[in-house]
Amino acid sequence: MIISEKQQQANRQNAQKSTGPTTPEGREAIRFNALTYGLRTRQTILPSENCAEYSQLWDELEADWQPQTRTERIYLETMVTSQWLLRRIAESEQDIYICLGNEAKFKMLAYVYKHRAQLERSFRTAVADMQQSLQERKAAQTQPPQTAQPAKPASAPATKPAGPQVPPPDYVMSNGAEAHPAFASPATPDTR
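Calculation criteria
Residues numbered from 1 in each chain as written. Predicted model: local features only at pLDDT ≥ 70, side-chain atom pairs only at ≥ 80, totals over all residues. Heavy atoms only, no water. Patch = residues over 30% accessible without salt bridge, like charges linked within 9 Å, V, L, I, M, F, W, Y side chains within 5 Å. Areas by Shrake-Rupley, 256 points an atom, 1.4 Å probe, with all protein chains shown as cover. Salt bridge = Lys/Arg side-chain N within 4 Å of Asp/Glu carboxyl O. Lys, Arg positive; Asp, Glu negative; His and termini not counted. Charge placed at Lys NZ, Arg CZ, Asp CG, Glu CD. Helix = DSSP H or I, 4+ residues; strand = E, 2+ residues; numbered from the N terminus. Buried < 20%, exposed > 50% of the residue type's maximum accessible area, 1.4 Å probe, protein only. Axes fitted to C-alpha atoms, helices over the stretch in contact; angles between N-to-C directions. Parallel < 35°, antiparallel > 145°, perpendicular 65-115°, else oblique. Left-handed = near helix turned anticlockwise from the far one by under 90°. Contact = heavy atoms within 4.5 Å. Nonpolar A, V, L, I, M, F, W, Y, C, P; charged D, E, K, R; others polar. Core = buried A, V, L, I, M, F, W, Y, C linked by side-chain atoms within 4.5 Å. pLDDT = per-residue confidence, 0-100. Phe/Tyr/Trp six-rings, centres within 6.5 Å; stacked < 30°, edge-to-face > 60°. Lys NZ or Arg CZ within 6 Å of the ring centre and 35° of its normal.

Q: Mind laying out a negative patch on the surface, listing which residues take part and the relevant values?
A: Together, D59, E60, E62 and D64 make up a region of like negative charge exposed at the surface. Mapped onto the elements of the fold, E62 is located in helix α3 (residues 51–65). Accessibility expressed as a relative area gives 34% for E62, which makes it partly exposed.

Q: Explain the packing of α3 against helix α4 (residues 70–99) to me, using residue names and the numbers behind them.
A: Two elements in contact, α3 and α4, have axes whose closest approach is 10 Å; the angle formed by their N-to-C orientations is 140°. Regarding the angle of α3 to α4, the classification is oblique. Note on packing geometry: the crossing formed by α3 with α4 is right-handed. Of the residues in α4, those in contact with E53, Y54, L57, W58, L61, E62 and W65 of α3 are L76, E77, M79, V80, T81, Q83, W84 and R87. Grouping the amino acids of the contact of α3 with α4 by side-chain chemistry returns 9 nonpolar, 2 polar and 4 charged.

Q: Tell me about the nonpolar core, and please be specific about residues and values.
A: Counting 11 residues, the largest nonpolar core consists of Y54, L57, L61, W65, L76, M79, V80, W84, A126, V127 and M130. Every element with two or more residues in this core is listed here: α3, α4 and α5 (102–142). Once residues lying within four places of it in the same chain are set aside, the contact partners of L61 are L76, M79 and V80. Residues L86, I89, M108 and L109 belong to the second largest nonpolar core, which totals 8 residues.

Q: Just give me the short version of the packing of α4 against α5, but keep the residues and values in it.
A: Where α4 contacts α5, the two axes come as close as 9 Å, and the packing angle between them is 160°. Considered as vectors, α4 and α5 are oriented roughly antiparallel to each other. Judged by the twist between their axes, the crossing of α4 over α5 is left-handed. The residue inventory of the contact of α4 with α5, partitioned by class, reads 19 nonpolar, 6 polar and 7 charged.

Q: Any details on the confidence of the model for the protein? Residues and values, ideally.
A: Counting all residues, the mean pLDDT for the protein is 77, and 67% of those residues have values of 70 or more. Mean pLDDT across the elements of the protein bottoms out in helix α6 (residues 181–184) (45) and peaks in α3 (94). This stretch, residues 36–40, has a pLDDT under 50; its non-local contacts, to residues over four places away or in other chains, come to 12 contacts.

Q: So what's going on with the pattern of salt bridges? Which residues, and what values?
A: Two side chains with opposite charge may pair up if their charged atoms get near one another. Evaluated as defined, the whole model comprises 5 salt bridges. Residues E91 and R87 are paired through a salt bridge, measuring 3.8 Å at the closest nitrogen-oxygen approach. One end of the pair is E91 and the other is R87, both in helix α4 and 4 residues apart, which spans about a single turn. Here R87 falls in the partly exposed class, since its relative accessible area comes to 35%.

Q: Mind laying out the packing of aromatic side chains, listing which residues take part and the relevant values?
A: Evaluated as defined, the whole model comprises 1 aromatic pair. Pairing Y54 with W84 gives two aromatic rings, centres 5.3 Å apart and planes at 85°, and the pair type is edge-to-face. In this pair, Y54 sits in helix α3 while W84 sits in helix α4, placing the two residues 30 residues apart along the sequence. Here Y54 falls in the buried class, since its relative accessible area comes to 14%. The lysine or arginine in question, R87, covers the ring of W84, its NZ or CZ lying 4.8 Å from the ring centre.

Q: Summarise unusual backbone geometry; cite the residues concerned and give the values.
A: Trans is the common state for peptide bonds, and a negative phi is the common state for residues other than glycine. Even without a glycine there, the phi angle at Q66 is positive, about 50°. Following the sequence through the fold, Q66 ends up in the loop between α3 and α4.

Here it is in structure tokens:
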């Protein structure tokens, strides 16, 4: 879509007016403007939350699962993040009951319940994936190591056949029809 020169000039003039905050205090004040109830944030730990509690949750789950591979650490991260956000949802739910009117409350609670279900599903999936990974790792550790095949004694080189080699056919027909299941079943009289 091509805009006219007049529209382009108006856009440039308007852009000069909307520069946002210019002072560090102003930038700090609007830093979390997009944060509504703490549910839509992209940050795992909000400024109002305790980093030590998050670290403790991480340490406890890491001690329980003891991840060894990068994939297992990703499963652990999913579990920790899901549990942390579920905790945030519980706190947000209390705020919704206290602060909002009935119609807005029901609308927001529907969103909260949907988000809660997604996080619980995410946690359960990460747990199942972690369990599967741990079982595979344990099975790989308990299997006896593959021993090398014993070397065959050196023998005279095999002679090659004189003609061109023909690959074996994909399907070989049996010699008799009696081996086929349709023909091997007992005959039933026609009762029509």
